Amino acid sequence: MGAAAGFHLHFYQPPRENPWLGLPSREVSAWPFHDWNERITAECYRAMVAVELAGGDGAPELYEPLGRSSVDVGPTLQHWLDRYAPDVGDALTDQVTSAPGGAPDLVLAAPLVHAILPLARPEDQSRLVAWGIADYQHRYGVAPRGMWLPETAVDLATLAVLADQGIEFTVLMANQARRVRAPGGAWVPVDEASLDTSRAYRVTLDDGASITVVFGQPDLSRRVAFGGLIADGVHLADVMADAARASDGMVLVVADGETYGHHHHFGDLGMCWALRRLEREHGLATSLGTWLRGETPTWEVELAAVSAWSCAHGVERWRSDCGCVTGEQPGWSLDWRAPLREALDWLRATLGPRIDEALASRVRSPDAALADYGRVIAGTVLPAAFVVEHAVEPPDDAATEWVLELCEAYRNVLYSFTSCAWFFADPGEIETAIVLRYAAVAIDAVRRLLGEDVEAAFVERLAPVRSTNHGIAGEAIWRRAVDLVRTTDERVGAAAAAEFATCGLAARTSRGHYDLAVARDDDVLVVTTTHRPTTRRRTVEFRVRRTGPFDWRVTYGNGREGVFTTADFGEDVVARLAMSALGGEGSVDVDQALSQLAAQLLARPATPEDERALVALAGAARVVSPIGQAAVRRALLATLATRESKGWGEELVGLATVLDGGPVGG
Ligand SMILES: [Zn+2]
């Protein structure tokens, strides 16, 4: 044993993208940021990679806490950081890989999807863990030693999956332990108050193997996350150091990483003051992984049959009305949780065998291929090369697309189990909408590939899912979640045609999951869309006509087959069209466009098209300058004062509410 004290930081955000496009959806409540990932990055993640502390001589000192802590970053957040905040992702990688012991001592892997593993089917548990390890291997070039479990949800079967894939330890909370046993001693019952969290424990698994468990110190963890303890880093360090010396063991404060800077403003500073003092004044080791290298657990722990850190009833929070909830209002019911879980379980049970069977015609082993698909998601192997590795015979383009479509359908089914969908009080909110969208992508893929349509049967199962907050249920919840964002290759192509016709050279050649190529043939635009994850390629001819200052009409098949209007394009496209319309072809200046539109809307009533352009520009993904904020505020107030139409009212009111300092979520 040896005294040590430090922090485990659990960083996580749910996947926030439109899963058809692979682009993050705008979240009004996060304004002036595009979405909550952007906002929390500014408040917390970017702050945590480089903290300025006063040095001993009064001069500022750069302090990097992540290389001295224990960290897990949910893969869905990590993927977002890679793409939209690469400075943060790179800084994290640099800090942990350059620290003594490297990433395996500092960073725990995590299952690829934030799913409650004890509620998942055995093969899904195994693949989620394998995909998480593949992601870690790709990022750090080494295998992980530890793995964080979503919501610390655990049972013996889950731990067996971890041990089977080479994981040495996990971190749990003290309320998950039931009995402990000293070497050669008898089992002694424990509870949260009596468990000695200063030592590492061994959990013996059914097959005789074992895995190490470390528990967060419950009292300090709670007071840091929900009390005011983080406000005084010096005091916190001294309390942690006293406890570590008294026990000659580990004092680990376990909390969401967002505690430091997002939930508690300046919490990042408090945590760094504490960490630096633990290191320098108290001379203590602070990294859990490093401390564990000197520990061979001799005590055993027996865990509750199934448990998690934010439910007092096992894992019922994610499948029943157990009473554990965040954000509940008087009169609300949680009886929607069970039918939501049952509907998604039914979808998994229905689509899984279809996917396996369809894969079996092309790959040697569907099970091996799906287990290995994590390397494709991680970016270690290109999709087409992956198919070559697993195919029965050298695949042609159609076979490659077939295999990748099926793997993607399965991936989307797994993403639909993201646990946030059950966490909050009402299923009409974004967290539940997100999982329904993943389900819809899988349903669309199976319809397209196998000609089998299970949508109606799935939606029927959602009937008992009721949102009290929005006064809707079942199919209406489904429509609200899915209809506005559901996308087809033709719709992506039409939007690309409009962007090409309006923005000229500033038109994008890729958009989320899609690569775009446009060629002009007289008044026809020939658009080829390539969906990169599946290699699916379509070429369609479009005609584009501008029908108003902010309105476009795109037809294909000589106008007989279909028509797309501006409402079909997606906000990122509308914003770019509006920038060109206001600033001249090729303009990508959001602030200038907003200022111009604001000036126009101060002088005349807004049309629904104006409002759509305004909302799209206001939500355009970018760093929002003070000029941009002022322009949005002027335009919104002018529009709300004069507006008569209903078109985008909800969005406008949402933005105005945030501007007024009203309620914000997240
Ligand atoms: Zn509960």
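The structure presented is a predicted model; accordingly, all values stated were derived computationally and were not measured.

A. The arrangement of the overall build of the protein in detail. Each helix and strand counted, the protein has 25 helices and 24 strands in total. Computed over C-alpha atoms, the radius of gyration of the protein comes to 26 Å, within 12% of the 26 Å expected from 2.2 N^0.38 for 666 residues, which places it in the range of a compact globule. For the protein, the C-alpha atoms occupy an extent of roughly 85 × 65 × 50 Å along the three principal directions. Relative to its 666 residues, the protein shows a buried fraction of 52%. Within the protein, residue pairs in contact and separated by at least 24 positions form 68% of the contacts whose partners lie at least 6 positions apart.

B. Looking closely at the environment of Met250. Tracing the sequence through the fold places Met250 in strand 14 (residues 250–256). Using a count of 28 C-beta atoms within 10 Å as the deciding quantity, one classes Met250 as buried. Setting aside residues no more than four positions away along its own chain, Met250 makes contact with Ala4, Ser198, Val214, Leu288 and Trp291.

C. Geometry of the domain arrangement of the protein. Assigned domains of the protein: these are domain 1 (4–307), domain 2 (320–482), domain 3 (487–587) and domain 4 (589–666). Each of domain 2 and domain 3 has a C-alpha centre, and the two are 28 Å apart. If you look at the interface, domain 2 gives seven residues, while domain 3 gives four residues. Contributing elements (two or more residues each) for the side of domain 2 that touches domain 3: helix 14 (383–390) and helix 15 (397–415). The greatest single-element share of the side of domain 2 that touches domain 3, amounting to five residues, is contributed by helix 15. Taken together, the residues of the side of domain 2 that touches domain 3 break down into three nonpolar, one polar and three charged.

D. Summary view of the packing of helix 8 (residues 233–247) against helix 9 (residues 267–280). At a closest axis distance of 7 Å, the pairing of helix 8 and helix 9 adopts a crossing angle of 45 degrees. Taken together, helix 8 and helix 9 sit at an angle that is classed as oblique. Helix 9 is crossed by helix 8, and the crossing has right-handed handedness. Along the contact surface, helix 8 presents Gly233, Val234, Leu236, Ala237, Met240 and Ala241, while helix 9 presents Gly270, Met271, Cys272, Trp273, Ala274, Arg277 and Leu278. Its residues assigned to classes, the contact of helix 8 with helix 9 shows ten nonpolar, two polar and one charged.

E. Here's a closer look at the sheet that holds strand 19 (residues 510–511). The antiparallel open sheet is built from six strands, whose spatial order is 19-20-21-22-23-24. Whereas interior strands pair on both sides, the edge strands pair on one side only; in this sheet they are strand 19 and strand 24 (562–565). When strand 19 meets strand 20 (residues 514–521), the two strands line up antiparallel, connected through two bridges. The residue of strand 20 that forms the bridge with Ser510 is Asp515. Running at roughly 130 degrees to strand 21 (residues 524–531), helix 20 (residues 489–503) makes contact with strand 20, strand 21, strand 22 (536–548), strand 23 (551–556) and strand 24 of the sheet.

F. Unusual backbone geometry, seen in detail. Positioned with a positive phi, Asp248 is a non-glycine residue whose angle comes to about 50 degrees. Structurally, the position occupied by Asp248 is in the loop between helix 8 and strand 14. Assessed through the 12 C-beta atoms surrounding it within 10 Å, Asp248 is described here as exposed. Backbone geometry at Asp522 places phi at a positive 55 degrees, although glycine is not the residue there. Along the polypeptide, Asp522 turns up in the loop between strand 20 and strand 21. The exposure class assigned to Asp522 is exposed, which follows from the 6 C-beta atoms found within 10 Å.

G. How the structure looks around the sheet that holds strand 14. In space, the four strands of this open sheet follow the order 7-6-1-14, with parallel pairing throughout. With partners counted over all chains shown, the strands left at the sheet margins are strand 7 (107–108) and strand 14, one partner each.

H. Looking closely at the pairing of strand 5 (residues 60–63). With four bridges connecting them, strand 4 (residues 51–54) and strand 5 associate as antiparallel partners. Bridged to Glu52 within strand 5 is Leu62.

I. Representation of the nonpolar core within the structure. If you look at the biggest cluster of nonpolar residues, it comprises 162 residues, and the most contacted ones within it are Leu128, Val213, Val214, Met240, Ala409, Ala439 and Ala442. Residue contributions to this core peak at twelve residues, all from helix 17 (residues 430–450). A domain split of this core shows at least three residues from each of domain 1 (4–307) and domain 2 (320–482). Counting 44 residues, the second-largest nonpolar core is a separate cluster that includes Ala501, Phe564, Phe569 and Leu614.

Conventions used here
- Residues numbered from 1 in each chain as written.
- Predicted model: local features only at pLDDT ≥ 70, side-chain atom pairs only at ≥ 80, totals over all residues.
- Helix = DSSP H or I, 4+ residues; strand = E, 2+ residues; numbered from the N terminus.
- Rg over C-alpha atoms; globule rule 2.2 N^0.38 Å.
- Buried ≥ 20, exposed ≤ 12 C-beta atoms within 10 Å, placed from the backbone.
- Contact = placed C-beta atoms within 7 Å.
- Domains from an automatic or database assignment.
- Nonpolar A, V, L, I, M, F, W, Y, C, P; charged D, E, K, R; others polar.
- Axes fitted to C-alpha atoms, helices over the stretch in contact; angles between N-to-C directions.
- Parallel < 35°, antiparallel > 145°, perpendicular 65-115°, else oblique.
- Left-handed = near helix turned anticlockwise from the far one by under 90°.
- Pairing = 2+ DSSP bridges.
- Core = buried A, V, L, I, M, F, W, Y, C linked by C-beta atoms within 7 Å.

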